[in-house]
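Each chain, written out:
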Amino acid sequence: EQAMTPDALARLRRVKLVKKERANAVESMIANMALQGKIDTKVTEGKLIEMLEGIVGAQAQKEGNSAKISFQRKKYTFDSDDDDDDNDDDLL
């Protein structure tokens, strides 16, 4: 906490709510860097984001898949992909 700016600390707390493992990994990384004297200034929010992205990338390589977000849209009976009608005149 002492090695981070308030914005970075707030972001880390938000990440911890969702991805506790990633937040713990970043906390350990920052603590180790601080103990080794590799941090000369406080970790900013931007630096924290870079560290998080690095962890996500390393986990993706380890698991053999890409870190990608996919969305699945619910299909309803009235929503047909076959009849893609862009005609808004039907609504009048």
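Here is a short report on the structure shown in this document.

Rules used in this analysis
Residues numbered from 1 in each chain as written. Predicted model: local features only at pLDDT ≥ 70, side-chain atom pairs only at ≥ 80, totals over all residues. Heavy atoms only, no water. Helix = DSSP H or I, 4+ residues; strand = E, 2+ residues; numbered from the N terminus. Buried < 20%, exposed > 50% of the residue type's maximum accessible area, 1.4 Å probe, protein only. Contact = heavy atoms within 4.5 Å. Areas by Shrake-Rupley, 256 points an atom, 1.4 Å probe, with all protein chains shown as cover. Expected span 1.5 Å × (residues − 1). Arc of directions from axis to C-beta. Core = buried A, V, L, I, M, F, W, Y, C linked by side-chain atoms within 4.5 Å. Salt bridge = Lys/Arg side-chain N within 4 Å of Asp/Glu carboxyl O.

### Quick look at the overall build of the protein chain
Line of reasoning, step 1. Within the protein chain, the regular secondary structure consists of three helices and zero strands.
Line of reasoning, step 2. Taken from N to C terminus, the helices and strands of the protein chain fall in the order α-α-α.
Line of reasoning, step 3. Of all 92 residues assigned to the protein chain, the portion counted as buried reaches 17%.
Line of reasoning, step 4. Contacts in the protein chain between residues at least 24 apart in sequence constitute 55% of all its contacts with a sequence separation of at least 6.
Line of reasoning, step 5. Accessible surface computed for the protein chain: about 8,000 Å², of which carbon and sulfur atoms make up 49%.

### Considering helix α2 (residues 20-35)
Line of reasoning, step 1. Across its 16 residues, α2 extends 22 Å between first and last C-alpha, which sits within 8% of the 22 Å expected from 1.5 Å per residue.
Line of reasoning, step 2. Within α2, burial applies to Ala 23, Val 26 and Ile 30. With its buried residues spanning 65 degrees around the axis, α2 presents them on a single face. For α2, the exposed residues lying more than 90 degrees away from the buried face are Lys 20, Glu 21 and Leu 35.
Line of reasoning, step 3. Residue Gly 37 follows α2 closely and has a positive phi angle near 75 degrees.

### Details of the side chain of Thr 5
Line of reasoning, step 1. Inspection of the secondary structure puts Thr 5 in the segment before α1 (6-18).
Line of reasoning, step 2. What makes Thr 5 buried here is its relative accessible area of 18%.
Line of reasoning, step 3. Among residues more than four places away in sequence, those in contact with Thr 5 are Lys 42, Val 43, Thr 44 and Glu 45.

### Notes on helix α3 (residues 45-63)
Line of reasoning, step 1. End to end, α3 covers 27 Å across 19 residues, agreeing with the expected 27 Å (1.5 Å per residue, within 8%).
Line of reasoning, step 2. Among all positions of α3, only Leu 48, Met 51, Leu 52, Ile 55 and Ala 60 are buried.
Line of reasoning, step 3. Considering only its buried residues, α3 is in contact with α1 and α2.

### Observations concerning the nonpolar core
Line of reasoning, step 1. Residues Met 4, Leu 12, Val 26, Ile 30, Val 43, Leu 48 and Leu 52 are the most contacted members of the largest nonpolar core, which totals 14 residues.
Line of reasoning, step 2. The contact partners of Ile 30, leaving out residues within four places of it in the chain, are Ala 3, Met 4, Ile 39, Val 43, Leu 48 and Met 51.

### A word on the pattern of salt bridges
Oppositely charged side chains can pair when the atoms bearing their charge come close.
Line of reasoning, step 1. Inspection of the entire model under this criterion finds two salt bridges.
Line of reasoning, step 2. Residue Arg 11 pairs with Glu 45 through a salt bridge whose shortest N-O separation is 2.6 Å. On the criterion of sequence distance, the pair formed by Arg 11 in helix α1 and Glu 45 in helix α3 is long-range, its members being 34 residues apart.
Line of reasoning, step 3. Given the relative accessible area of 27%, Arg 11 is considered partly exposed.
Line of reasoning, step 4. With a relative accessible area of 24%, Glu 45 lands in the partly exposed category.
Line of reasoning, step 5. One salt bridge connects Glu 27 with Lys 16, and the closest N-O pair in it is separated by 3.1 Å. Placement of Glu 27 in helix α2 and of Lys 16 in helix α1 is noted, with a sequence separation of 11 residues between them.
Line of reasoning, step 6. Judged by relative accessible area, Glu 27 falls into the partly exposed class, the value being 33%.

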